[in-house]
Amino acid sequence: MRYIRLGDRGPKISVIGLGFWQAGSRLWGNRGGDVAEKVYVIVGEAYNYGINFYDTAEIYGGGLSEKCLGEAIRRHGIRDEVVVASKVAGYRWIEHSILKAIKRINNRIGFKIDLIQHHWPPPLYAPICKVINALEKAVDRGMVEYYGLSNYNTNLLIKAIECSRKYEPISNQVQYSLAYRVVENRLKKYMEEMGISLIAWSPLAKGALAGLRQPKTLAQKTDPVFRKASTDNELQGVLRRLADKYKVSKSVIALSWLISMKAIPIPGTRRPKRVREYARAGELRLSGEDLELLDRASRKYLRYWGVEYSSLSLNRLIPGFLQQLGIALIRGI
Ligand SMILES: NC(=O)c1ccc[n+]([C@@H]2O[C@H](COP(=O)([O-])OP(=O)(O)OC[C@H]3O[C@@H](n4cnc5c(N)ncnc54)[C@H](OP(=O)(O)O)[C@@H]3O)[C@@H](O)[C@H]2O)c1
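Definitions and limits used
Residues numbered from 1 in each chain as written. Predicted model: local features only at pLDDT ≥ 70, side-chain atom pairs only at ≥ 80, totals over all residues. Helix = DSSP H or I, 4+ residues; strand = E, 2+ residues; numbered from the N terminus. Rg over C-alpha atoms; globule rule 2.2 N^0.38 Å. Buried ≥ 20, exposed ≤ 12 C-beta atoms within 10 Å, placed from the backbone. Contact = placed C-beta atoms within 7 Å. Axes fitted to C-alpha atoms, helices over the stretch in contact; angles between N-to-C directions. Parallel < 35°, antiparallel > 145°, perpendicular 65-115°, else oblique. Left-handed = near helix turned anticlockwise from the far one by under 90°. Nonpolar A, V, L, I, M, F, W, Y, C, P; charged D, E, K, R; others polar. Core = buried A, V, L, I, M, F, W, Y, C linked by C-beta atoms within 7 Å. Near = placed C-beta within 6 Å. Pairing = 2+ DSSP bridges.

Novice: Mind laying out the overall build of the protein, listing which residues take part and the relevant values?
Specialist: Along the backbone of the protein there are 13 helices and 10 strands. Over its C-alpha atoms the protein spans a radius of gyration of 19 Å, differing by no more than 12% from the 20 Å that the globule rule assigns to 333 residues. The principal-axis extent of the C-alpha atoms belonging to the protein is close to 55 × 45 × 40 Å. When the 333 residues of the protein are sorted by exposure, 49% land in the buried category. Looking at the protein alone, contacts between residues at least 24 apart form 78% of all its contacts between residues at least 6 apart.

Listed below in structure tokens is the structure:
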């Protein structure tokens with residue numbers, strides 16, 4: 001496993017992390033009785049293979065993901081050797097609400113987390129500076145070590161940095177994969193200039209880039225990127241050819257490409273057996289020629305989904321209390 005620094009001053013993390021949305025999620029059909037045990041095994045596997053960066057959020061499983069992840073880390077006795085990130089929901093923008101949510105996150109996880117991220121930009125009527133200054137306060141009070149953002153486009157990120165008084169965000173978590181390359185048009189370059197790490201969510205297009213053709217869960221069935229990637233014979237063909245050449249699975253190729261693009265992929269899973277596969281991406285180095293093949297087969301996704309990054313930006317049009325109500329009604333997104 002290779003390691004890098006998160007942001008320009010953050011902790012050392014593995015070049016690939018692990019996402020825990022799947023833990024306790026109804027959309028992933030994963031809310032059964034043994035979720036905590038499965039997370040325990042997944043964390044053990046991840047740690048053994050050198051993956052030390054884990055991502056969760058207050059909305060995942062209505063808090064269940066955070067609870068299971070924290071418990072697993074404590075049971076394995078590896079708190080000091082891993083880096084834990086969570087997210088406060090984007091509908092929060094008032095200082096009191098953000099600080100209270102972070103306190104609850106630390107309580108659910110059972111220790112002070114390393115990185116708090118604002119999950120998506122606040123409703124249009126809410127000032128970004130309020131969010132940034134509240135996150136800075138959380139750092140100042142010692143509730144977390146660092147803060148980052150998620151789904152902030154270039155303009156919002158520029159604004160966020162202008163708002164910061166004492167600390168700047170060290171990361172921005174955005175949708176990025178071979179089937180969704182919008183960030184490369186503008187955002188990624190700006191983040192590199194500012195020393196802000198790019199954490200890549202949906203790095204496997206929810207399994208489509210691992211070769212899954214038919215969606216199985218609600219999360220996959222409702223994702224247009226899954227649909228597009230799973231039926232893209234050109235891209236699937238190149239992934240198959242390279243997987244055969246390097247004697248790995250398609251997912252390892254898709255994740256290695258992201259690592260070569262200096263992104264930090266955080267694939268998710270409900271199954272311990274996948275972790276070993278994901279970890280192989282942290283060791284493999286694709287040749288320049290093969291990276292070129294992947295680039296050519298996926299260049300169409302630079303602009304296919306739009307030019308400016310806009311994932312989850314429709315949320316901004318919905319008043320905060322309605323967003324909160326909608327998520328609460330799902331009872332375990
Ligand atoms: N910040 C945000 O707004 C945001 C949004 C979405 C996600 N995220 C984060 O990013 C993480 C990952 O993104 P994601 O959950 O969207 O999806 P992803 O990592 O792109 O895909 C994960 C899914 O791919 C499936 N998969 C992997 N290998 C497979 C194979 N060989 N055959 C069939 N299926 C395979 C897995 O299914 P199994 O479960 O069966 O292994 C898994 O659930 C999440 O856990 C979360 O932490 C953040």
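Back to the text.
Novice: Before we move on, can you summarise the packing of helix H10 (residues 250-260) against helix H11 (residues 273-280) with the specific residues and values?
Specialist: Relative to each other, H10 and H11 sit at 45°, their axes nearing to 8 Å. Taken together, the axes of H10 and H11 lie oblique to each other. Relative to H11, H10 is oriented so that their crossing is right-handed. Across the interface between the two elements, Ser 251, Val 252 and Leu 255 of H10 pack against Glu 277, Tyr 278 and Arg 280 of H11. Each residue belonging to the contact of H10 with H11 can be placed in one class, and the counts come to 3 nonpolar, 1 polar and 2 charged.

Novice: Report on the nonpolar core, specifying residues and quantitative values.
Specialist: In terms of nonpolar packing, the biggest core is built from 101 residues, with Leu 69, Ile 116, Ala 179, Leu 198, Ala 200, Ala 205 and Leu 209 touching the most fellow members. The element contributing the most residues to this core is H10, with 7 residues. Once residues lying within four places of it in the same chain are set aside, the contact partners of Leu 209 are Ser 177, Leu 178, Ala 179, Leu 204, Ala 229, Leu 239, Lys 250, Ser 251 and Ala 254.

Novice: So what's going on with the site of the ligand? Which residues, and what values?
Specialist: Near the ligand, the surroundings consist of 29 residues, among which Gly 19, Trp 21, Gly 207, Ala 210 and Gly 268 are the closest. Within the shell around the ligand, the residues separate by chemical class into 11 nonpolar, 13 polar and 5 charged.

Novice: Tell me about the pairing of strand S5 (residues 83-88), and name the residues and values.
Specialist: Judged by how many residues are buried, S5 sits mostly within the fold: 6 of 6 residues are covered. Both faces of S5 are covered, namely the face carrying Val 83, Ala 85 and Lys 87 and the face carrying Val 84, Ser 86 and Val 88. As paired elements, strand S4 (residues 53-55) and S5 share 3 bridges and run parallel to each other. When the sheet's bridge partners are listed, Asp 55 is paired in S5 with Ala 85.

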